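Here's the letter readout for the chains.
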Amino acid sequence: DTAVSQTPKYLVTQMGNDKSIKCEQNLGHDTMYWYKQDSKKFLKIMFSYNNKELIINETVPNRFSPKSPDKAHLNLHINSLELGDSAVYFCASSQSSGPFTGELFFGEGSRLTVL
Amino acid sequence: DAKTTQPTSMDCAEGRAANLPCNHSTISGNEYVYWYRQIHSQGPQYIIHGLKNNETNEMASLIITEDRKSSTLILPHATLRDTAVYYCIVRVYNQGGKLIFGQGTELSVKP
């Protein structure tokens, strides 16, 4: 069983479209994250949710809207896609969000290509 | 910005120990050093973390200098499957799961 699973794994779309990436974790963790890895391979945090509540929002454009229907799911919806949104998006989870969060478990990534 | 600096790349012979250095000269007293790795096209994988003392687990050992300004990750018997980008991360104490990744060290294990 995959601990953190993301769908789709690959997504190719046109500029201006709206798309969603889904993430689910079966580890019973309270906290989930979205990280973005750009073409230069830098990994950067975008959002973090703890028990469905937004706790980290790293100055991401409003076109990106995370949604957490329950603590096992964190979806990422992107409106009006731009070329610069092309990247690999990683979902992750951890037991908690406090100072002793412990390790993060990452999904396999969703590669988004905007044409 | 990442608080760590690492060499861009390193090579290691299969079966030998791989020693990956990391400088974190501005680390605060309550900040942990974490190591993750990313094997090509996969999600980052946790390896080990420490505060002051040296740590060992089934994957690696972490040696932290007494002044905590640098550390070394040791893979005791590197295999070809250890070829990956290794990230040294200083974990901000009060920001939970926020990991600030630097560029990492690309380790190539060669036969």
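Quick caveat: nothing in here was measured; it's all calculated off a predicted structure. (Residues numbered from 1 in each chain as written. Chains lettered and ligands numbered in written order. Predicted model: local features only at pLDDT ≥ 70, side-chain atom pairs only at ≥ 80, totals over all residues. Heavy atoms only, no water.)

## Structural notes on the overall build of chain B
Consideration 1: Assigned secondary structure in chain B consists of zero helices and nine strands.
Consideration 2: Order of helices (α) and strands (β) in chain B, N terminus to C terminus: β-β-β-β-β-β-β-β-β.
Consideration 3: For chain B, the C-alpha radius of gyration of 13 Å lies close to 13 Å, the compact-globule estimate for 111 residues.
Consideration 4: Here the C-alpha coordinates of chain B stretch approximately 40 × 30 × 25 Å along the principal axes. (Helix = DSSP H or I, 4+ residues; strand = E, 2+ residues; numbered from the N terminus. Rg over C-alpha atoms; globule rule 2.2 N^0.38 Å.)

## A few points about the pairing of strand 9 (residues 105–110) of chain B
Residues and elements named next belong to chain B.
Consideration 1: Only one face of strand 9 is buried: it carries T105, L107 and V109, and the other face, with E106, S108 and K110, is open.
Consideration 2: Note: strand 1 (residues 9–13) against strand 9, five bridges, orientation parallel. Note on strand 9: the bridge partner recorded for M10 is L107.
Consideration 3: Note: strand 8 (residues 84–91) against strand 9, three bridges, orientation antiparallel. (Buried < 20%, exposed > 50% of the residue type's maximum accessible area, 1.4 Å probe, protein only. Pairing = 2+ DSSP bridges.)

## Things to note about the side chain of D82 of chain B
Consideration 1: Within the fold, D82 of chain B resides in the loop between strand 7 (70–75) and strand 8.
Consideration 2: With sequence-adjacent residues up to four places away left out, D82 of chain B is seen in contact with R37, L75, H77, L107 and V109 of chain B. (Contact = heavy atoms within 4.5 Å.)

## Here we look at empty space enclosed by the protein
Residues and elements named next belong to chain B.
Consideration 1: A full pass over the atoms with the stated rule returns one cavity of 30 Å³ or more.
Consideration 2: Computed from the structure, the largest cavity encloses a volume of approximately 30 Å³.
Consideration 3: Lining the largest cavity are A2, K3, I89, V90, V92 and I100.
Consideration 4: Here the lining of the largest cavity is built from residues that sort into five nonpolar, no polar and one charged. (1 Å grid on protein atoms, 1.4 Å probe; cavity = no way out; pocket = protein on both sides within 12 Å on 5 of 7 lines; lining within 4 Å. Points joined across faces, edges and corners; volume = space filled by probe spheres on them. Nonpolar A, V, L, I, M, F, W, Y, C, P; charged D, E, K, R; others polar.)

## Remarks on the state of the cysteines
Should the sulfur atoms of two cysteines be covalently bonded, the bond is a disulfide.
Residue and element names in this part refer to chain A.
Consideration 1: Counted under the stated rule, the structure contains two disulfides over all chains.
Consideration 2: A sulfur-sulfur separation of 1.9 Å characterises the disulfide bridge that pairs C23 with C91. Here C23 and C91 share a disulfide; its torsion about the S-S bond, -80 degrees, makes the bridge left-handed. Pair noted here: C23 is in strand 3 (residues 19–25) and C91 is in strand 9 (residues 87–94), with a separation of 68 residues, a long-range link. (Disulfide = S-S within 2.5 Å.)

## Observations regarding the pattern of salt bridges
Consideration 1: Scanning the entire structure with this criterion turns up six salt bridges over all chains.
Consideration 2: Between D85 of chain A and R63 of chain A there is a salt bridge, and its shortest N-O distance comes to 2.8 Å. A residue pair is termed long-range when its members are at least 10 positions apart, and D85 of chain A in the loop between strand 8 (73–78) and strand 9 and R63 of chain A in the loop between strand 6 (53–57) and strand 7 (64–70) qualify at 22 residues. The exposure classification of D85 of chain A matches that of R63 of chain A, with both residues buried.
Consideration 3: A salt bridge links D82 of chain B to R37 of chain B; its shortest N-O distance comes to 2.8 Å. Of the two residues, D82 of chain B is situated in the loop between strand 7 and strand 8 and R37 of chain B in strand 3 (residues 32–38); the sequence distance between them amounts to 45 residues.
Consideration 4: When salt bridges with common partners are traced through the structure, they connect R63, E82 and D85 of chain A into a single cluster. (Salt bridge = Lys/Arg side-chain N within 4 Å of Asp/Glu carboxyl O.)

Everything listed is a geometric property; what it means functionally is a separate question.
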